[in-house]
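The residues making up each chain are set out below.
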Amino acid sequence: LTNAEPIIQGARFISGLSLYDALSMNSEILFSLIPFFLARRFLATDEAHRVLLKVIVLAAIGYSFLVLYEVRMSPQLNRIFYGFFPHSFGQHMRGDGFRPLVFMNHGLWLAIIMAMSVVAAFTLFRATQCEHRRIWFFVGLWLFAVLFLIKSLGAFTLTVLIVPTLLLLGRKSQLLLTASVAVFVLLFPFARSAG
């Protein structure tokens, strides 16, 4: 509402913001918060967390076979099914192999999702107390091997740092380490700009 001044440059005219624009921007923010409200409603219990982790891991196991196909055959599934490649093919050539896409916009997205699934599998390993506990460990190793074959150093490095922390440290130590990393991330731009 305080930005109602139009921009006029020669024959070009851009109107200022109106009440409609303010309502539109606020409704967009509100709609972007809906997933958080739904998660608070349906994912608030420990059992719901376990179910979510299991869904992530099981979906990643199924997805891993498509990942392995593209690691070997090159990222072609998007072109085969949809008839186009999302961007530059050269970004996915890695040494003597390929970084897969498997229907994602970029291979980095796939790497982050697979890294998340590795962490989810090892979280289930740590949180499960019954005799089926070992299954989650071996599933985590499988997904970790697939993540390694994706050839994305950033996601792989984060996984190598997070999984031992998850397995070896207690809850308070994990929270302290997470808070330290968050403080570092928030303070780094300030420290960098201050020289």
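Above this text you will find the structure in question.
Okay, so let's go over this structure. The structure presented is a predicted model; accordingly, all values stated were derived computationally and were not measured.

## Things to note about the nonpolar core
Formed by 28 residues in total, the largest nonpolar core has its most connected members in V57, V67, L110, M114, L143, L147 and I150. For this core, the secondary structure elements donating two or more residues are α2 (46-73), α4 (107-127), α5 (133-150) and α6 (153-168). Looking at this core, the element that brings in the most residues is α4, giving 10 residues.

## Some words on unusual backbone geometry
Unusually for a residue other than glycine, V102 sits at a positive phi of about 45°. The residue V102 is located in the loop between β4 (97-98) and α4 in this model. Its identity as a non-glycine residue notwithstanding, F103 has a phi of 70°, on the positive side. The topology assignment puts F103 in the loop between β4 and α4. Overall, F103 belongs to the partly exposed group, its relative accessible area being 31%.

How each quantity is defined
- One numbering rule holds for all chains: residues counted from 1, following each sequence as written.
- Restriction of local features to residues with pLDDT of at least 70 applies here, the model being predicted, together with a cutoff of 80 or more for giving and counting side-chain atom pairs; totals for whole chains, interfaces and linings are based on all residues.
- Side-chain measures were taken over the full set of non-hydrogen atoms in the model, leaving aside hydrogen atoms and water.
- As used here, the term nonpolar core means buried Ala, Val, Leu, Ile, Met, Phe, Trp, Tyr and Cys residues forming a set that is joined through side-chain atoms within 4.5 Å.
- Each residue is assigned to one of three classes by its accessible area relative to the maximum for its type, calculated with a 1.4 Å probe on protein chains only: buried under 20%, partly exposed between the two thresholds, exposed over 50%.
- Every helix listed is a DSSP run of H or I at least four residues long, and every strand listed is a run of E at least two residues long, numbered separately from the N terminus.

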